[in-house]
Amino acid sequence: MQKQKMNRREFVAAGAGAGMLASSSVFGQGPNVIAVRSKPVIVAAGNGNRSKDKDGLTCVARAFKMMTAGSDVLDSVIAGVNIVELDPEDTSVGYGGLPNADGVVQLDSSVMHGPKKIGGCVASLEGVRTPSLVAQKVMEETDHVLLVGKGAQDFARMMGFTIEDDLNTPRSRAAWIEWKRRTDPLHYIPTDQRGLKVPGDMAALRERERAGLEVARQMAAEGWFDIEHLYGTINCNGVNSKGEVCGVTTTSGLAWKIPGRVGDSPILGAGLYVNNDIGAAGSTGRGELNLISLASFVCVEEMSRGKSPKDAGMAAIKRIKDMVIQKRLLDEKGEPNVGINFYLVNKKGEFAGVTLKNPNGRSTYAVCDENGPRSIPMDALLA
Ligand code: GLY
């Protein structure tokens with residue numbers, strides 16, 4: 001990726017200015033619809049402001065530039081996340097994403113188009129660097145919403161996508177080999193935690209599970225990958241001056257997952273949800289928590305009841321916190337020891353990035369509006 005930078009004056013001249021002019025438009029008619037001014041904005045996970053394209057634009061900057069130049073909002077946010085999917089240095093998404101336990105990169109993605117009220121998703125897709133574009137094809141070309149595994153790959157081939165044998169990069173392959181060396185991973189939840197009796201030494205099983213996580217933390221500390229890439233993902237949502245809302249989420253999922261494991265990213269309501277009358281929300285982090293809570297849908301529903309994006313996100317995170325009762329997911333204070341994040345935007349263009357905990361303020365989310373692209377610390381539910 002080229003590291004060339006665009007200064008703010010060039011950025012505004014290149015397209016943000018169009019958004020500033022357009023943002024004064026008013027939409028909404030009829031007795032029950034309040035006129036709303038929409039401020040064009042793109043909101044994404046933190047990696048939406050890291051990888052750059054050949055023009056030096058990050059995901060949020062490219063999406064904002066395209067959107068304010070008149071492109072469809074979904075085309076714009078997908079073009080943004082394509083930068084991250086194609087970046088071999090981002091080990092959480094697309095090409096070079098950390099592989100599953102067998103060393104195979106399996107990708108998940110979802111897209112949702114607010115004005116058209118449709119979506120498309122793919123799960124466990126192998127061999128295509130940009131699963132978000134395949135999800136868009138599912139949405140546009142089929143009468144279905146979700147394709148998985150070999151069926152998704154066959155569909156992608158028929159749609160003209162290049163299918164590669166292996167999406168590992170030297171970096172993701174090296175991290176997988178190192179992980180294999182250090183641990184014999186325990187993938188299945190010990191059955192005593194489901195309230196059943198099991199033979200065997202539960203203390204030893206728990207210790208191995210704890211050791212598996214410790215190995216991952218240690219490898220991250222040594223620079224094999226970014227710890228946030230363990231469940232890393234990118235979600236990117238946009239609203240244009242007409243109040244049109246769209247979103248996309250794309251990921252390589254949990255690092256070294258059981259082959260076939262699917263997280264929240266390709267599930268509408270979990271990894272992404274858009275309601276064109278209200279706004280959009282999407283997620284990164286431990287997808288299993290989101291799959292049992294459908295918290296992106298909760299975020300949008302809370303905004304529909306009048307909550308700000310920040311308060312809506314906090315309500316969704318609180319709901320997740322209250323659902324985490326398994327001991328293996330709690331720390332010594334009895335608080336969830338897991339990461340889960342939401343990125344929200346409402347139809348007016350107000351936005352937020354919320355997380356469960358952000359102890360050192362390191363977790364950020366990415367925004368681009370008329371003030372240009374920037375990273376903002378996530379708001380946390382717990383101290
Ligand atoms: N949130 C990404 C995953 O859990 O797969």
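Look a little higher up for the structure.
What counts and what doesn't
Residues numbered from 1 in each chain as written. Predicted model: local features only at pLDDT ≥ 70, side-chain atom pairs only at ≥ 80, totals over all residues. Heavy atoms only, no water. Helix = DSSP H or I, 4+ residues; strand = E, 2+ residues; numbered from the N terminus. Polar contact = N/O pair within 3.5 Å; in protein donor to acceptor, adjacent residues only side chain to side chain. Contact = heavy atoms within 4.5 Å. Pairing = 2+ DSSP bridges. Axes fitted to C-alpha atoms, helices over the stretch in contact; angles between N-to-C directions. 1 Å grid on protein atoms, 1.4 Å probe; cavity = no way out; pocket = protein on both sides within 12 Å on 5 of 7 lines; lining within 4 Å. Points joined across faces, edges and corners; volume = space filled by probe spheres on them. Nonpolar A, V, L, I, M, F, W, Y, C, P; charged D, E, K, R; others polar. Buried < 20%, exposed > 50% of the residue type's maximum accessible area, 1.4 Å probe, protein only.

Draft legend 1. Broad picture of the side chain of N240. Take N240: it is sitting in the loop between β7 (233-239) and β8 (245-251). Within the structure, N240 has its side chain in polar contact with the backbone nitrogen of K242 (distance 3.0 Å). For N240, the contacting residues outside a window of four places in its chain are S38, P40, M67 and V73.

Draft legend 2. Structural view of the sheet that holds β8. Read across the sheet, 8 strands follow the order β6-β5-β4-β8-β7-β3-β13-β14 without closing on themselves; strand pairing throughout is mixed. Looking at which strands have only one partner, the edges of the open sheet turn out to be β6 (146-148) and β14 (372-377). Neighbour-to-neighbour, the strand axes of the sheet open up by a mean angle of 10°, direction not taken into account. With 6 bridges joining them, strand β4 (residues 107-113) and strand β5 (residues 118-125) adopt antiparallel strand pairing. The partner of H113 across the bridge, within β5, is I118. Helix-sheet contacts for helix α4 (residues 131-141) involve β4, β5, β6 and β8, and the interaxial angle to β5 is about 130°.

Draft legend 3. Representation of empty space enclosed by the protein within the structure. Inspection of every chain in the model, using the stated rule, returns 1 cavity of 30 Å³ or more. Of the volumes computed, that of the largest cavity is approximately 50 Å³. Within the lining of the largest cavity, the residues separate by chemical class into 2 nonpolar, 7 polar and 2 charged.

Draft legend 4. Spotlight on helix α9 (residues 295-304). Among the 10 residues of α9, 7 are classified as buried, and the element is accordingly described as predominantly covered. Listed as buried for α9 are A295, S296, V298, C299, V300, E302 and M303. Looking at the buried side of α9, the elements it contacts are β9 (272-275), β10 (279-285), α8 (287-291), α10 (309-323) and β11 (340-346). Immediately downstream of α9, the backbone of G306 shows phi near 105°, a positive value.

Draft legend 5. View of the sheet that holds strand β15 (residues 379-382). Sheet architecture is open: 5 strands sit in the order β9-β10-β11-β12-β15, paired in mixed fashion. The strands lining the two open edges of the sheet, one partner per strand, are β9 and β15. In this sheet, adjacent strand axes meet at a mean angle of 20° when their direction is disregarded. Across 5 bridges, β11 lies against strand β12 (residues 351-357) in antiparallel orientation. Residue N341 lies in a different strand from β12, and its bridge partner there is T355.

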